[in-house]
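Structural description and commentary
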Amino acid sequence: MNAPLQNDVFLRALKRQPIERTPVWMMRQAGRYLPEYRAVRERAGSFMNLCTTPEWACEVTLQPLARYRLDAAILFSDILTIPDAMGLGLEFVEGEGPQFRSPIMSPADVDRLGVPDPETALRYVPDAVRLIRRELDGRVPLIGFSGSPWTLATYMVEGRSSREFRKIKAMLYDAPEVLHRLLATLSKAVSVYLAAQIAAGVDAIMVFDTWGGILTPTQYQTFSLPYAEAALKGIGAPVDERVIPSILFTKGGGQWLSAMADTGYDALGLDWTTDIRAARSEVGDRVALQGNLDPQALYAPIPALKEEVLRIIDRFGHGSGHVFNLGHGVWPDVNPEHVGAMIEAVHEVSPLYHRVIPA
Ligand code: CP3
């Protein structure tokens, strides 16, 4: 059983319920910018060993919480665990990022794919969630996550990180029905994967659509958004009837916020290219917003960094519905002291924006 939460400001902000201050966490908060992460990573030998060994995944998940006043923990794992469990063979090559030994090369490859059972092929993920939940002991909520079907498809078809996305775009134009079959399988896989994380104890879920922004508006509405929506709808209600808020983050998705706000997610992640005030007026009271400090602001001198933090909080404005975060993951060479200054600045200035104004 999970201990009752001592700090639920993050969950309340996602539900746009009254809060005393703006919650803060950071994408990739457990990672290479922390020397203690690099030490455990070295002992583990590889990134995948870290992910697949619940004790190590738990240790690195908790590391940033020991340093900073964060309002959420995020499961340490990766979005590419699903394609790995589908048999594509994930490898992380030093300095090159992720690569698949058997990427999707043909329609037959798509038709061979099954939906992995999260309690067998991906057992290490719910195991890590259960362990982290126990070790967290109710200090802050735990976020579970998945890649969006579209973003997973890009890696599975390209076989690795890509700049040009030639192969997936070729599939999109030449064989859209094959791509639709791949995305349908992936949305089922994402649903059961997220359901397993919820059953194991995560308090909120986030879907990373890192590459939605490379699509045209029509393509986004055809190949990305409906499958992210289907993945959410396919999760079903948790057996213990908890309310599990959900966040959809499309990098480069700033022009499609209104459509995203109608999919059933409770909150939208914003990258740093979107003005959070304009975003708020566009989505109204349909969803909460998460973001959106420029990750490069962490390289700025601390006074300039604090000014940027204040600017974002001020542009969101008064009231609930904002979770402070970066607009994308923290870079590995950021100074951890600057991360601390960012988090403290949110604690310092945000209470002003949640005072009840007398009528
Ligand atoms: O946010 C967190 O702290 C939780 C952990 C997390 C990781 N990856 C750990 C990680 C999460 C949520 C992810 C998601 C992820 N993984 C995404 C979507 C989010 C985004 O950044 O847009 C994507 C596209 C991936 C795929 C992936 N994993 C890439 C492209 C890379 C290589 C990046 C690099 O800089 O080398 C990874 C590896 C990875 N995932 C690392 C971490 C901490 C670095 C691995 C290492 O320690 O060497």
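Each remark here, short or long, concerns the structure printed above.
Moving on: the side chain of Thr263. Inspection of the secondary structure assignment puts Thr263 in the loop between α12 (257–260) and β7 (267–269). Relative accessible area serves as the criterion here: at 1%, Thr263 is assigned to the buried category. At 2.6 Å, the side chain of Thr263 and the backbone oxygen of Met260 are in polar contact. Those residues within four positions of Thr263 in sequence are excluded, and the remaining contacts are Leu225, Glu229, Leu232 and Lys233.

Now for empty space enclosed by the protein. Inspection of the entire model under this criterion finds 1 cavity of 30 Å³ or more. There is about 30 Å³ of room inside the largest cavity. What lines the largest cavity is simply Thr250, Gly253, Gly254, Leu257, Gly269, Leu270, Asp271 and Thr274. For the lining of the largest cavity, a count of residues per class yields 2 nonpolar, 5 polar and 1 charged.

This part covers the environment of Ala39. Secondary-structure assignment places Ala39 in helix α2 (residues 35–44). With 37 residues separating them along the chain, Ala39 and Phe76 place their C-alpha atoms 15 Å apart.

Now for helix α9 (residues 166–174). Regarding α9, the residues found buried are Ile168, Lys169, Met171 and Leu172. Relative to the axis of α9, the buried residues are bounded by an arc of 155° and lie together on one face. Exposed residues pointing more than 90 degrees away from the buried face of α9 are listed as Arg166, Tyr173 and Asp174. On its buried side, α9 packs onto α6 (107–112), α8 (149–158), α10 (176–200) and α11 (217–233).

Attention shifts here to the nonpolar core. Core analysis: the largest hydrophobic core is formed by 131 residues, its most contacted members being Phe10, Trp25, Leu179 and Met342. The element that contributes the greatest number of residues to this core is α10, accounting for 11 residues. In contact with Trp25, other than residues within four places in its own chain, are Phe10, Leu70, Ala72, Ile74, Ile143, Met206, Gln290, Val323, Phe324 and Asn325.

Counted as a void, the largest pocket has a volume near 1600 Å³. The wall of the largest pocket is formed by 46 residues, among which Arg28, Arg32, Asp78, Phe92 and Pro98 lie closest to the centre. Tallied by class, the residues present in the lining of the largest pocket amount to 25 nonpolar, 12 polar and 9 charged.

Moving on, we get to the environment of Glu91. In this structure, Glu91 sits in strand β2 (residues 90–93). Relative accessible area serves as the criterion here: at 33%, Glu91 is assigned to the partly exposed category. Placed 11 residues apart in sequence, Glu91 and Ser102 show a C-alpha to C-alpha distance of 11 Å. Here Glu91 is in contact with Gly97, Pro98, Gln99 and Arg101, once residues within four sequence places are set aside.

In this description, an aromatic ring pair is defined by two values, namely the gap between the centres and the angle between the planes. The final tally for this structure, using the stated rule, is 7 aromatic pairs. When the ring of Phe145 is compared with that of Phe208, the centres are 5.6 Å apart and the planes differ by 85°; the resulting orientation is edge-to-face. Residue Phe145 is found in strand β4 (residues 142–147), and its partner Phe208 is found in strand β5 (residues 204–209); the two are separated by 63 residues along the sequence. For Phe208, a relative accessible area of 13% corresponds to the buried category. Measuring from ring centre to ring centre gives 6.4 Å for Phe208 and Phe249, while their planes differ by 80°; the resulting arrangement is edge-to-face. Linking Phe208 in strand β5 with Phe249 in strand β6 (residues 246–250), this pair joins segments that are 41 residues apart in sequence. These aromatic residues form a ring-pair network of at least three members: Tyr37, Phe47, Phe76 and Phe92. Stacked on the ring of Phe316, the Lys or Arg Arg280 has its end atom at 3.9 Å from the ring centre.

Thresholds applied
Residues numbered from 1 in each chain as written. Predicted model: local features only at pLDDT ≥ 70, side-chain atom pairs only at ≥ 80, totals over all residues. Heavy atoms only, no water. Helix = DSSP H or I, 4+ residues; strand = E, 2+ residues; numbered from the N terminus. Buried < 20%, exposed > 50% of the residue type's maximum accessible area, 1.4 Å probe, protein only. Polar contact = N/O pair within 3.5 Å; in protein donor to acceptor, adjacent residues only side chain to side chain. Contact = heavy atoms within 4.5 Å. 1 Å grid on protein atoms, 1.4 Å probe; cavity = no way out; pocket = protein on both sides within 12 Å on 5 of 7 lines; lining within 4 Å. Points joined across faces, edges and corners; volume = space filled by probe spheres on them. Nonpolar A, V, L, I, M, F, W, Y, C, P; charged D, E, K, R; others polar. Arc of directions from axis to C-beta. Core = buried A, V, L, I, M, F, W, Y, C linked by side-chain atoms within 4.5 Å. Phe/Tyr/Trp six-rings, centres within 6.5 Å; stacked < 30°, edge-to-face > 60°. Lys NZ or Arg CZ within 6 Å of the ring centre and 35° of its normal.

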